[in-house]
Structures are given as C-alpha cells and as structure tokens.
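A look at the structure
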Amino acid sequence: MTNTGGGGPRPRTSWWREGAITTLAFALCLLGGVLQVDDTLSPPSVSAYVIAVVSCAVLPVRHRAPLAALVATTAVGVLVPPLGLLLTPLIVTPAVITTYSYSLAARTERRAASAVVLTSAALAAAIPAFGDFSWKDASRMGVVAAFPLVAGVLGHSVRNRRAYLEAVEERARRAEQNRESEARRRVAEERVRIARELHDLVAHQITLANAQATVAAHLFDTRPEQTRTSLKELVETTSHALDELRATVGLLRQSGDTAAPAEPAPGLSRLPTLLESFRRAGLEVSVHQEGTVRPLPPGVDLTAYRIVQEALTNVTKHAGTGSARVRLVWTGDRVTITVADDGGGTRTAPTASTGPTALSGPTASAAADRSPGYGLIGMRERATAVGGHLSAGRRPEGGFLVSAQLPLPPAQDPTRDRDRATTTEEGQMTDGEAGGAP
C-alpha cells in the first residue's frame with residue numbers, strides 16, 4: 001500500500017495534531033532520560049535533551065519519508081546506552097511512533113514486517129551490547145522489543161481496515177455507476193419502444209385517413225354517394241386514431257403499473273380487422289396461409305401484427321398499386337411473413353372503372369418525394385427483439401417485398417400427450433382398485 005500522506009499542503013487540524021504528537025513524544029522521551037539504572041530519578045542530562053530533540057525532530061517527516069524516519073529514530077535509540085542513559089520504552093517513544101507510521105505506509109506486508117522486526121531487534125540488542133547484563137536487563141529487553149512489535153501490528157491492522165473501507169467504497173461507487181448506466185440503458189430502450197409503437201400507430205391511422213380524404217376529394221363532384229361513404233369512414237378512422245393516441249398517452253402519464261391493460265395487445269387474430277381497414281381505404285389485400293397455424297407468444301404475435309401493419313401502410317403511402325399480397329408460412333420452428341406489391345413507386349389516378357383503389361394528384365407526388373422514415377428500421381428492430389430476422393427490398397420483377405422470419409415455440413406432440421394422459425388414467429384406476437381391495 002503506497003503512502004497517501006504527503007506531498008501537498010496539510011490541513012490546519014493535521015498541523016495541530018502533529019504538534020501535539022511531537023510534544024507528547026518529546027515529554028515521554030525526556031521522562032525516559034530521567035530514569036536511572038537503580039530505579040531512581042535524576043534531572044535530565046544534556047544527553048537526554050539531545051536524544052529527545054533529535055529523535056522528535058524527525059517525527060514531522062514520517063509521512064513523507066517513513067522509512068528514513070524509522071531508521072533515524074532507531075539509530076538514536078541504539079545510541080541511548082552508550083550515552084549513559086537507561087534504554088526504556090519511554091525514551092524510544094519516537095521509534096515506536098515511526099514504526100507505526102511505516103507499517104501504515106509500507107508498500108507490501110513483507111517490507112513492513114521486516115522493518116518492524118529489525119527495529120525491535122536493534123533496540124533490544126543495544127541493551128546487552130553496552131555494559132553489564134543482568135536479569136533486570138533481560139526483562140527490559142523484552143519490554144523494549146515488544147513495543148515496536150505492538151506498534152507494527154497496530155499499524156498493520158489499521159492499514160488493512162483502511163484498505164477494506166476503500167474497497168467497500170469503490171464497490172459502492174462502481175455499483176452506483178452500474179445502476180445509473182443500467183437505468184440509462186433501460187430508459188433508452190423504453191424510449192425507442194414507445195417511439196416505435198407511436199410510429200406504427202400514427203403512421204397506420206394517418207395513412208388511412210389521408211387515403212380516404214384523397215379519394216373523397218377526387219370523387220366529390222362525380223360520385224357524391226361514394227364521397228359521403230369515404231368521409232364517413234374518414235371520421236371513423238380519425239376517431240379510432242384519437243382513441244388509441246389517448247390511451248397510449250394515458251399509459252405514459254401513469255406513474256405506476258396498471259392493474260390490467262384496457263384491452264389485449266393486437267396480434268394475428270386481429271388480422272382480418274386490419275386488412276378490412278386497408279380495403280376501406282382502397283387497397284385490395286389478399287391473404288394466403290400455408291402450414292398448421294399455431295398460437296404465438298405475446299411478443300411474437302404483436303411483432304407479426306405490427307410488421308404486416310407497417311408493410312401495408314408503406315404500400316398505401318408509396319407503392320403505385322392498389323393491391324398487395326400477404327403470405328404466412330408456418331413451419332416447424334418459425335413463421336415466415338411476406339408482404340409484396342407490384343407497384344412502381346408512383347400512384348395512378350382512379351378511374352370510374354377501377355374505383356378508389358389508387359391515388360393521384362399533388363398529395364401523391366408529395367408523398368413520393370418524401371424521404372424514407374423509420375418504418376423499416378422499426379420493423380427490423382421488432383423482428384430482432386424477438387429473435388427473428390427481417391429483409392426488405394425491391395423485387396426484380398417490380399414492386400417491393402418485405403419478408404420476416406419469426407421464431408415459433410416447439411410444437412407439442414399430440415401422440416405423446418395422449419399416451420401420457422392414458423398412463424395417468426391407468427395409474428389412477430390401479431390405485432383405486434388397490435384401495436378398494438380387502
């Protein structure tokens with residue numbers, strides 16, 4: 001663990017604390033110089049003052065240079081016996097303090113342990129190295145050696161505690177960042193989903209309303225009755241669009257989850273109603289299905305409905321034809337939906353014989369000049385979201401083709417289900433017979 005204590009200016013409270021620690025260490029060191037070998041007290045000598053001043057002067061730099069401070073205070077402590085002073089834990093208080101500081105700042109635990117052991121051994125070895133050695137000196141060696149060891153253990157514990165708290169704070173910070181990024185991601189996904197739903201809803205209803213209004217305007221003078229019918233259908237279309245928009249905006253305004261949706265999400269079961277709305281707008285749509293129809297999961301069912309809706313909306317807006325073909329092919333693991341038209345990208349005027357199956361005029365040319373919107377993007381996103389695939393493009397023989405492949409749930413084997421039911425019934429009959437036997 002690196003030293004984090006120094007380099008920059010220290011707060012005023014730190015200077016007060018450093019001054020208090022240095023003053024206390026000087027007093028204890030000077031008190032240790034008063035003790036004599038015969039357990040008597042005498043006024044501090046010049047040597048005691050020198051030891052106290054030199055060793056305590058090193059303490060303020062122990063945060064910036066912990067190893068140098070430790071070596072200096074240990075060397076001063078070793079010089080205590082040659083100067084005729086009694087080596088006690090009090091007189092080596094600065095060495096104990098620097099031992100604690102170095103244990104906090106050491107880069108590795110091995111370096112900290114080695115420095116603490118060497119300091120303890122050096123201070124303890126200075127007692128028998130100078131003068132006679134007695135049993136009192138042996139006990140004093142143990143006490144002097146123990147203080148640096150205790151300081152090193154305490155510093156090691158504090159360092160581990162600080163590292164643990166830093167790790168907890170870092171994990172909390174990363175967890176908060178992950179929560180924020182996850183929240184932003186969900187908001188973005190929800191925003192795209194809402195935009196896709198609103199696009200499909202508005203594009204479909206407004207396209208139908210535009211087609212009906214265009215037919216009514218074109219036939220206003222020649223066919224009043226048909227114009228009246230088109231205007232009536234236009235009122236119904238706009239009313240239905242307003243109802244759906246009001247329901248969608250109402251859901252967005254709600255702060256909590258609703259108890260139940262107002263109506264089930266649309267699916268392929270509502271395909272006839274959808275096709276009828278396009279037929280009323282002048283687009284003849286034929287449907288062809290192959291394979292065995294199976295129920296779809298809600299997400300896939302909604303996706304299939306929206307793809308057909310958007311594809312037919314694009315035919316109504318951009319294709320120069322009054323007809324389209326919808327084909328659904330059901331296979332073992334997927335359903336393939338194709339919507340094709342034979343238009344050339346321009347709209348032809350309706351005639352008396354063809355009826356309101358095509359559009360013309362300034363509205364048609366303006367629609368043809370519009371830049372492509374987000375319809376194809378939305379269809380691809382929907383198909384990809386449920387694990388499917390969508391492709392769209394012009395056909396070589398003319399017209400446009402939208403093809404989507406959506407996954408199906410595994411089909412259940414009716415024979416296996418029937419055998420399982422038969423086995424269950426036989427087991428119940430056997431149990432009943434066994435229970436009724438004497």
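Keep in mind that what you see is a predicted model, and the values were worked out from it rather than measured.

Turning to the overall build of the protein, a few remarks are in order. When helices and strands are tallied, the protein shows 12 helices and five strands. When each of the 438 residues of the protein is scored for burial, the buried share is 35%. As presented, the protein carries roughly 25,600 Å² of accessible surface, and 61% of it is formed by carbon and sulfur atoms.

Caution applies to low-pLDDT parts of the model: their predicted coordinates are not meant to be read in detail. Per-residue pLDDT for the protein has a mean of 76; in total, 74% of the residues score no lower than 70. Note that pLDDT drops below 50 for residues 1-8; the model gives that stretch 17 contacts with residues more than four away or on any other chain. Per-residue pLDDT stays below 50 along residues 414-438; that stretch engages in one contact with residues further than four places along the chain or on separate chains.

Our next topic: a nonpolar patch on the surface. Nonpolar side chains collect at one region of the surface, where Val 46, Val 50 and Val 54 lie side by side and expose about 260 Å² of accessible area between them. In this fold, Val 46 is placed in helix 2 (residues 46-57).

Read across the open sheet, the five strands follow the order 1-2-3-5-4; overall the sheet is mixed. The outermost strands of the open sheet, each flanked by one partner alone, are strand 1 (284-290) and strand 4 (389-394). On average, adjacent strands in this sheet sit at an angle of 10 degrees to one another, irrespective of strand direction.

With 13 residues, helix 3 (residues 66-78) should reach 18 Å at 1.5 Å per residue; the first-to-last C-alpha distance of 18 Å fits that figure. Among the residues making up helix 3, those that are buried are Pro 66, Ala 69, Leu 70, Thr 73, Thr 74, Val 76 and Gly 77. Looking straight down helix 3, one finds that the buried residues subtend no more than 160 degrees of arc, so they occupy a single side. Buried-residue contacts for helix 3 involve helix 2, helix 4 (93-105) and helix 5 (109-129).

Time to look at the packing of helix 4 against helix 5. Here helix 4 crosses helix 5 at 170 degrees, and the two axes come no closer than 9 Å. Taken together, the axis directions place helix 4 and helix 5 in an arrangement best described as roughly antiparallel. Considering how the two elements wind past one another, helix 4 and helix 5 form a crossing that is left-handed. Residues Ala 95, Thr 99, Tyr 102 and Ser 103 of helix 4 touch helix 5, and the partners they reach there are Arg 111, Ala 112, Ala 115, Val 116, Thr 119 and Leu 123. Per-class residue counts for the contact of helix 4 with helix 5 are six nonpolar, three polar and one charged.

With that settled, the discussion passes to the pattern of salt bridges. Overall, the coordinates contain 12 salt bridges when judged by the stated rule. Put simply, Glu 170 and Arg 174 hold a salt bridge, and the shortest N to O gap is 2.9 Å. Here Glu 170 and its partner Arg 174 are both found in helix 6 (residues 135-218), four residues apart, which amounts to about one turn of the helix. Judged by relative accessible area, which is 26%, Glu 170 ranks as partly exposed.

Along the chain, the position of Val 50 falls in helix 2. Each C-alpha atom, one on Val 50 and one on Val 76, is 9.6 Å from the other, the two residues being 26 residues apart in sequence.

Right, let's talk about the pairing of strand 4 for a bit. The sheet contact formed by strand 4 and strand 5 (residues 400-407) spans six bridges and is antiparallel. Each residue of the ladder has a partner; that of Arg 394, found in strand 5, is Phe 400. Between strand 4 and strand 5, which follow one another and run antiparallel, lie five residues, and Gly 398 among them has a positive phi close to 110 degrees.

For the coordinates displayed, the defined rule picks out zero disulfides. Cys 29 provides the cysteine sulfur closest to Cys 56, a residue in no disulfide bond, and the two sulfurs are 5.3 Å apart. Residue classification places Cys 56 among the buried residues on the basis of a relative accessible area of 4%.

So, on to the pairing of strand 2 (residues 323-330). Bridging between strand 1 and strand 2 involves seven bridges; their strand directions are parallel. The partner of Val 287 across the bridge, within strand 2, is Val 326. Two elements, strand 2 and strand 3 (residues 334-341), share six bridges in a ladder whose sense is antiparallel. Each residue of the ladder has a partner; that of Arg 327, found in strand 3, is Thr 338. In this antiparallel pair of consecutive strands, strand 2 and strand 3, the connection spans three residues.

Along the polypeptide, Arg 162 turns up in helix 6. It is 9.4 Å that separates the C-alpha atoms of Arg 162 and Leu 104, two residues lying 58 residues apart in sequence.

Bringing the packing of helix 3 against helix 5 into the picture now. Packing of helix 3 against helix 5 leaves a shortest axis separation of 9 Å and a crossing angle of 15 degrees. The angle between the axes of helix 3 and helix 5 places the two elements in the roughly parallel class. Judged by the twist between their axes, the crossing of helix 3 over helix 5 is right-handed. Across from Leu 70, Thr 74, Gly 77 and Val 78 in helix 3, the residues of helix 5 making contact are Ala 115, Thr 119, Ala 122, Leu 123 and Ala 126. Looking at the contact of helix 3 with helix 5 residue by residue, the classes come out as six nonpolar, three polar and no charged.

Take helix 2 next. The end-to-end C-alpha distance of helix 2, which contains 12 residues, comes to 16 Å, matching closely the 16 Å that a straight helix rising 1.5 Å per residue would cover. Here helix 2 has its buried residues at Ala 48, Ile 51, Ala 52, Ser 55 and Cys 56. One side of helix 2 carries all its buried residues, which in axial view fall inside an arc of 105 degrees. Away from the buried face of helix 2 by more than 90 degrees, exposed residues Val 46 and Ala 57 are located.

Rules and cut-offs
- Residues numbered from 1 in each chain as written.
- Predicted model: local features only at pLDDT ≥ 70, side-chain atom pairs only at ≥ 80, totals over all residues.
- Heavy atoms only, no water.
- Helix = DSSP H or I, 4+ residues; strand = E, 2+ residues; numbered from the N terminus.
- Buried < 20%, exposed > 50% of the residue type's maximum accessible area, 1.4 Å probe, protein only.
- Areas by Shrake-Rupley, 256 points an atom, 1.4 Å probe, with all protein chains shown as cover.
- pLDDT = per-residue confidence, 0-100.
- Contact = heavy atoms within 4.5 Å.
- Patch = residues over 30% accessible without salt bridge, like charges linked within 9 Å, V, L, I, M, F, W, Y side chains within 5 Å.
- Salt bridge = Lys/Arg side-chain N within 4 Å of Asp/Glu carboxyl O.
- Pairing = 2+ DSSP bridges.
- Axes fitted to C-alpha atoms, helices over the stretch in contact; angles between N-to-C directions.
- Expected span 1.5 Å × (residues − 1).
- Arc of directions from axis to C-beta.
- Parallel < 35°, antiparallel > 145°, perpendicular 65-115°, else oblique.
- Left-handed = near helix turned anticlockwise from the far one by under 90°.
- Nonpolar A, V, L, I, M, F, W, Y, C, P; charged D, E, K, R; others polar.
- Disulfide = S-S within 2.5 Å.

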